[in-house]
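A structural walkthrough
What follows is the residue order along each chain.
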Amino acid sequence: MNLALDKDKLLRFQSLIALFLLCVGLSILSDKFLSVSNLWNVMRQISVNICISTGMTLIVLTAGIDLSVGSVLALCGAITAGLLKSGIEIPSDNLYIGFTVLGASLAGILTGSALGALNGWTITKFKVPPFVATLAMLTVARGFTMLWTKGFPISGLGDTFLFLGTGWFLGVPVPVWISALIVVLAVFITTKTRLGKYIYAIGGNESASRLSGIQVNRVKIIVYTIGGALAAVGGLLVTSRLDSAQPNAGVSYELDSIAAVVIGGTSLSGGRGSVLGTVQGALIIGVLNNGLVLLNVSPFWQQVVKGLVILLAVIIDKANSKND
Amino acid sequence: MLTAENITKRFPGVVALDNVNLTLDAGKVTALIGENGAGKSTLMKILSGVYVDYEGQIFWKDNLVKFNNPKEAQQHGIAIIHQELNLIPYLTITENIFLGREMLSQYGTLDKNKMRRKTQELLDRLKLKVAPETRVVNLKVGQQQIVEIAKALLTEAELIIMDEPTSAITGSEVEVLFGIIEELKVENKAIVYVSHKLDELFRIADHFVVLRDGKSVDSGKMQDIDQDQLITKMVGRKIEVMRKKLSQGATEVLLQIENLTLQHALRKNERILKDINFEVRRGEIVGIFGLMGAGRTELLETIFGLHAARSQGTIRVEGKALSISKPAQAIAAGLALVPEDRKKDGLVLGMDVKTNICLTTLAELEIMGISSENKELALTEKYIGELKIKTPSGKQQAKNLSGGNQQKIVLAKWLATKPKLLLLDEPTRGIDIHAKSEIYKLIIQLADNGLGIIVVSSELPEILAVSDRVLVMAEGELTAEFTSAEATEDLILKAAIPHSIYEKQL
């Protein structure tokens, strides 16, 4: 009994342990790794992934998936950038609407939420598998990004907006504040509210949840909406950091995000996992990326290593769940 | 031909088989008898290689064997007709029958003609007049069961296990099956026949083995025993639960069902429920009996609003007509459904006892929109105590509990919603006798407290033990109604046989 308990504890902290070992290894191999500026750099880089992956975690907990986050991120970033830069002109009425940073950002987040809700709606209303519905959204949203930007970056967005991605507040980069706030909210939702319990229950057994009176479709739509909104926040951070909305921003971000979720111990079949696990997963990926760059490993090898880490994480996870 | 010695099989929380012995002879039919949960299906699954981790020894033609999977058992010549239908709905009859043992032409491609011919032969032999290329999804349950039988006949098996082969068929189809069993006996095959239906066993079986609570209680020749003796051995004791006298207060109508009709999901012109009318009074327990495919489960599901798009008719609770299109509305109206398959529909197995019990009432267990751990724990403790749920704590995962305790969790979850009407679908399926009688007592106590209760069951003793009134269903219709005083097994069974077959026999 005691042994089993210890093993349980060990399993719960396995990704933290992996992260710790990774950091120890890197600080021995590279003297730059442990510098304050490098660590803030890592944190700033992963804050986008943490935003997206927090939403992804909620979705995966319901046994769903969202492949469209990268494209949604790009579209929302582009919409915010476009509105900030040129506003909306309606020539027929001789009308021009300008946008403040807040207005443009909200428009971006609103777009993300709407696209997420649309994902949830097609999945619940037409019973389209999440993989397919969000794959379609991946393509559609990327297409609209190209249409909106006409294929060119939208740059020169003004200092106020740049604060979002590059500023500091109380000695901590602003993106880190934002992602931390999102994580705290998500942890609260998953552990302390009805919605959170419903999310886990639906992933654990959708049929039993429905029979228990849980409005399964509503919960799913909410979860995909949150996913879309958080992808949009990621879009704001990316656009702000680069001072430019790139039409091909966020390509393959969904993969990094799913990787963070999986490495963090959330089961792709739903019902098991946590937001904090995903944060650890994102940290592991971020630190690994950073370390490989510091060690001058070729980008091609970086991809190979990252892939193998994901595979290893899932294999360990499978082995654990078999022991249950 | 086959001897099994001291077979023991444990599941988490239950010993399903306890030192069971079994001997099967070639050319004989051995009846395996026992109540639900006695261990019959478990034993058959061990013999056919489905369960591999058991204690004890199996000798096949005097050689010690241990099957690691169903394929190995098949290769030794053991075929099983499962109680649950194991057919793949969107494949044809031929494809299902030859699944995993397809016939190949000399070029290594599928020899479809040969398989089709062979299937046709089997169907002819079983007198099933359906084309071999019919998809299984388009067959009735009884027809599907015959396809299962055809599947077992295809392999040149020497031992054929039939697990409740007549649960979905009746009358003339049963006669065909018995004819085939006689032929198989002549071919010197050994047959195990598992069934609840004692009269069938007396017609067809040579030997019997009685299982009770996972132990082999008795065995012998069928001719040396009569039906009453068999029942006594099966049950081992009188069923203690006696329904209290129907209380005088049970006059207030709680639920009224008027002309309830349900369409088949795929075949639009076929109806699963046909103009069902009945009512349930406060404090009354109504038992509904029907054979497989009679529509019993669908009736409860329709009342609970799961098939709103395909159903018609009026459902009144306390006189008010309801339009229920999702479970949340049914719950709000005071209904609760304990589903037939608790693992699939009743519980979130990977979550703990507390979460499962609280799942229906989380909205009431909050303080200012935030889940209250204390309130949840209090509710959990209340029901663990009241229903005597055996669990180390509320934090135990539901999957680690025995079937009886799992069922109590499902009940607790629903009692927490303070329902007026409890719909119970096979409330004691697959749970041990002790837990069973506890659940019967609970059902009766709940009715005494004023709940209306519908118990759907395929077990006659269960229906007779708890019901104030018995309704019988066949092919989607209510065919009979008995008070508890009138109801007997014979009368109920007769009413449960589908009309189409019954009339042909007359």
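My aim in this report is to walk through the structure given alongside it, one point at a time. Only a predicted model underlies this, so the values are computations on that prediction, with no experimental measurement involved.

1. Re the overall build of chain A
Looking only at helices and strands, chain A features 14 helices and 6 strands. By the compact-globule yardstick of 20 Å for 324 residues, chain A fits well, its C-alpha radius of gyration being 20 Å. Summarising its shape, the C-alpha atoms of chain A cover approximately 75 × 60 × 35 Å along the three principal directions. Within the span of chain A, comprising 324 residues, buried residues form 48% of the whole. Sequence-distant contacts in chain A: of pairs separated by 6 or more residues, those separated by 24 or more amount to 76%. Averaging the locations of the 21 positively and 13 negatively charged side chains of chain A gives two centres separated by 8 Å.

2. Some points on the packing of aromatic side chains
By the definition in use, this model includes 5 aromatic pairs over all chains. Look at A:Trp40 and A:Trp168: their rings are 6.1 Å apart centre to centre, the planes differ by 90°, and that puts the pair in the edge-to-face class. Of the two residues, A:Trp40 is situated in helix α3 (residues 36-61) and A:Trp168 in strand β4 (residues 168-169); the sequence distance between them amounts to 128 residues. Assessed through its relative accessible area of 25%, A:Trp40 is described here as partly exposed. Between A:Trp121 and A:Phe126 the ring centres are 5.1 Å apart and the planes differ by 85°, which places this aromatic pair in the edge-to-face class. Residue A:Trp121 is classed as partly exposed on the basis of its relative accessible area of 41%. For A:Phe126, a relative accessible area of 48% gives the class partly exposed. The ring of B:Tyr51 has B:Lys9 sitting right over it, with the charged end atom 4.9 Å from the ring centre. The residue whose ring lies beneath B:Lys66 is B:Tyr54, and the NZ or CZ to ring-centre distance is 4.1 Å.

3. Quick notes on the sheet that holds strand β9 (residues 207-212) of chain B
All names here are of chain B. Spatially, the 6 strands line up as an open sheet ordered β6-β7-β8-β3-β9-β10, and their pairing is mixed. One side of each edge strand has no neighbouring strand; the edge strands of this open sheet are β6 (78-81) and β10 (215-221). Taken pair by pair, the neighbouring strands of this sheet meet at an average axis angle of 15°, ignoring direction. Sheet topology note: the β6/strand β7 (residues 159-163) ladder contains 4 bridges and is parallel. The residue bridging Ile-78 from the neighbouring strand is Leu-159, located in β7. Contacts between helix α8 (residues 227-235) and the sheet are confined to β3 (29-33), β9 and β10, with β9 contributing the most and set at about 30° to the helix.

Reading the values: rules and limits
Residues numbered from 1 in each chain as written. Chains lettered and ligands numbered in written order. Predicted model: local features only at pLDDT ≥ 70, side-chain atom pairs only at ≥ 80, totals over all residues. Heavy atoms only, no water. Helix = DSSP H or I, 4+ residues; strand = E, 2+ residues; numbered from the N terminus. Rg over C-alpha atoms; globule rule 2.2 N^0.38 Å. Buried < 20%, exposed > 50% of the residue type's maximum accessible area, 1.4 Å probe, protein only. Contact = heavy atoms within 4.5 Å. Lys, Arg positive; Asp, Glu negative; His and termini not counted. Charge placed at Lys NZ, Arg CZ, Asp CG, Glu CD. Phe/Tyr/Trp six-rings, centres within 6.5 Å; stacked < 30°, edge-to-face > 60°. Lys NZ or Arg CZ within 6 Å of the ring centre and 35° of its normal. Pairing = 2+ DSSP bridges. Axes fitted to C-alpha atoms, helices over the stretch in contact; angles between N-to-C directions.

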